[in-house]
Amino acid sequence: DTHISTSSISPAPLSRKLSSRASDLPPLSLPTSHLSRICAFDPHTDHSTMTALKLFANAFVKYMSWIPSPTKENIALRAFGIGLVPVIGYVNPKIEHVDENKCVVRIKHNRRTRNHVGSMYFATLAAGADVCAGFLAMREAFETGQPVIPLFKEFHGTFGRRAYGDVLFTCENGTEVRAAVREALQSGQRVNLPVSVVARVESMDEPVGEFELVLSVKGVGKN
């Protein structure tokens, strides 16, 4: 058998690789103290999650209100992925468009996101649907400075053709999501809402995936 000593492996190539990837990221317009506090939280505890979401909301309102959309939303999404949901940071979704009515998210087709036959992995498609619908709730909460905890209670997916290119996810339930967030903040109760997400490759007419989810939102600090 061949044995390799890990002590003999130089970390230099990995460091250079990470540094080159980091240089491609957009600058975070967040104070270092905010970002370090966010990334230090343990997301497995409700208290830590609530505190982190409050920091996100405060930073979004205070420091990023002047940044044009969707740049500020992508900064917030990147920080959220780094600090709370690492798999989001790994597949690296980008918000193409977001307003009060809809959200459009792009996930690139690359080594990180494809499966063993070269098409986009179904779990990547699920992550895209999650981000697309969930960010509508996060954006509404951040705009008001009153964060909520968005979760999904149900997920149903139908997959069409294989996706061999970048995938665009679209959710057009913005009006309903805004109303659900406001109800959750006012009532202090968890509010459930069905939402739909359609996934397409720009070169294809037929959707590569159609998803029905039940979004569940609760105001931070509420029972």
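Residues numbered from 1 in each chain as written. Predicted model: local features only at pLDDT ≥ 70, side-chain atom pairs only at ≥ 80, totals over all residues. Heavy atoms only, no water.

A. Fine view of the environment of Met204. Counting through the fold element by element, Met204 comes out in the loop between β5 (191-201) and β6 (209-219). Apart from the residues lying within four places of it in its own chain, the contact partners of Met204 are Arg161 and Arg162. (Helix = DSSP H or I, 4+ residues; strand = E, 2+ residues; numbered from the N terminus. Contact = heavy atoms within 4.5 Å.)

B. Molecular detail of unusual backbone geometry. In this structure, the amide linkage connecting Ser69 to the following residue, Pro70, adopts the cis form with an omega of 5°. Relative to the elements of secondary structure, Pro70 occurs in the loop between α3 (46-63) and α4 (71-83). A positive phi angle, near 60°, is found at Asn92, a position not held by glycine. Relative to the assigned elements, Asn92 resides in the loop between α5 (86-91) and β1 (94-98). For Asn92, a relative accessible area of 27% puts it in the partly exposed group. (Buried < 20%, exposed > 50% of the residue type's maximum accessible area, 1.4 Å probe, protein only.)

C. Molecular detail of the pairing of strand β4 (residues 167-171). Among the 5 residues of β4, 4 are classified as buried, and the element is accordingly described as predominantly covered. Here 5 bridges tie strand β2 (residues 103-107) to β4, and the two strands are oriented antiparallel to one another. Directly across from Val105, in β4, lies its bridge partner Phe169. (Pairing = 2+ DSSP bridges.)

D. Local environment of the sheet that holds β4. Ordered in space as β1-β2-β4-β5-β6-β3, the 6 strands form an open sheet in which the pairing is antiparallel. Of all strands in the sheet, those with a lone pairing partner are β1 and β3 (148-159), marking the two edges. Pairs of neighbouring strands in the sheet enclose a mean axial angle of 25°, with direction left out of account. Bridge analysis of β4 against β5 gives 4 bridges, and the strand direction is antiparallel. Paired with Leu168 across the strands is Arg200, a residue of β5. (Axes fitted to C-alpha atoms, helices over the stretch in contact; angles between N-to-C directions.)

Just geometry here; none of it tells us what the structure is for.
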